[in-house]
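# Residue-level structure breakdown
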Amino acid sequence: PAPRLAGIIGLCAACAMLTAYGVSLRWNVVAPDTPGFVQKIARVLSEAHAVMKNRPVVVAVNLLLTFFKLFLIGICYWATFHAFGAYATRLIDMTITANSAGLVAYVPVSANGLGTVEATAVYLFGFLEIAPPVVITTYLTLRVASLTLAWGGAVIIIFFSSVFS
C-alpha cells in the first residue's frame with residue numbers, strides 16, 4: 001500500500017543523505033565553511049556525526065525509545081479502530097499509516113495540524129479500506145484523549161507545585 005511505500009521512500013532518503021555525508025567526510029568534499037544552504041546542511045550533519053561518534057549509547061537508546069514510541073502510537077490507533085469495528089488491517093500497517101499521517105502536523109498550516117492530519121489520515125487509511133467516518137472518529141477520540149491527559153497532567157503538576165512550595 002501507499003503508506004508502506006512512503007515509509008520505504010523516507011527511509012531510503014535518510015540512508016542516501018547519511019551515505020552522502022559519510023562519503024563527503026571521507027573525501028572532504030563538503031567543507032563546513034561552504035556558503036549558504038549547503039553550509040547549514042553540512043553543519044547539521046557534522047554535529048549529528050559528532051554526537052553519534054561521542055555518545056553512541058545515548059543515540060542508540062534514543063533510537064530504540066523512538067521506535068518503541070512509534071509502535072505504541074500504532075497500538076493506540078489499532079485498538080481504537082478495533083473498538084469502532086474496523087478490523088481491516090494488520091498492526092504494522094496501522095503503525096506506519098498512523099505515524100505517516102501524523103507527520104503532516106509539522107506543516108505550519110494549522111494549530112497542531114488540526115484538520116490537516118485528519119484529512120491526510122482519511123486519505124491514507126482509505127488505502128487500507130477503512131471508512132472516513134471511522135477514521136475521523138478515531139482521530140478525534142485520540143486527539144481529545146491526548147489533550148485531556150496533557151492538560152490534566154499539567155494542571156496537577158501546577159497545583160501540587162504551588163501547594164508544596
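Everything in this summary refers to the structure shown in the same document. (Residues numbered from 1 in each chain as written. Predicted model: local features only at pLDDT ≥ 70, side-chain atom pairs only at ≥ 80, totals over all residues. Heavy atoms only, no water.)

All right, on to the packing of aromatic side chains then. With the rule as written, the count across this model stands at five aromatic pairs. Aromatic side chains Tyr 77 and Tyr 139 sit 4.7 Å apart centroid to centroid with 40 degrees between the ring planes, which places their arrangement in the tilted category. Of the two residues, Tyr 77 is situated in helix 3 (residues 56-83) and Tyr 139 in helix 6 (residues 132-163); the sequence distance between them amounts to 62 residues. The exposure classification of Tyr 77 matches that of Tyr 139, with both residues buried. (Phe/Tyr/Trp six-rings, centres within 6.5 Å; stacked < 30°, edge-to-face > 60°. Helix = DSSP H or I, 4+ residues; strand = E, 2+ residues; numbered from the N terminus. Buried < 20%, exposed > 50% of the residue type's maximum accessible area, 1.4 Å probe, protein only.)

The residue Glu 129 is not glycine, and still its phi comes out positive at about 60 degrees. Tracing the backbone through its elements, the reader meets Glu 129 in the loop between helix 5 (116-126) and helix 6. Among the residues examined, Glu 129 registers a relative accessible area of 69% and is labelled exposed.

Moving on: the nonpolar core. Core analysis: the largest hydrophobic core is formed by 15 residues, its most contacted members being Tyr 77, Phe 81, Phe 125, Ile 130, Val 135 and Tyr 139. Residue contributions to this core peak at four residues, all from helix 5. For Phe 125, the residues in contact, after removing those within four places along its chain, are Phe 81, Met 94, Thr 97, Ala 98, Ile 130, Val 135 and Tyr 139. (Core = buried A, V, L, I, M, F, W, Y, C linked by side-chain atoms within 4.5 Å. Contact = heavy atoms within 4.5 Å.)

Right, let's talk about the pattern of salt bridges for a bit. Taken as a whole and assessed by the stated rule, the structure comprises two salt bridges. Measuring nitrogen to oxygen at the nearest pair gives 3.5 Å for the salt bridge that ties Arg 90 to Asp 93. For Arg 90, a relative accessible area of 49% translates into the label partly exposed. By relative accessible area, which is 11% here, Asp 93 ends up buried. Between Arg 143 and Glu 118 there is a salt bridge; the shortest N-O distance is 3.0 Å. Here Arg 143, found in helix 6, pairs with Glu 118, found in helix 5; they are 25 residues apart in sequence, far enough to count as distant. We classify Arg 143 as buried; its relative accessible area is 15%. Take Glu 118: its relative accessible area is 5%, and that puts it in the buried class. (Salt bridge = Lys/Arg side-chain N within 4 Å of Asp/Glu carboxyl O.)

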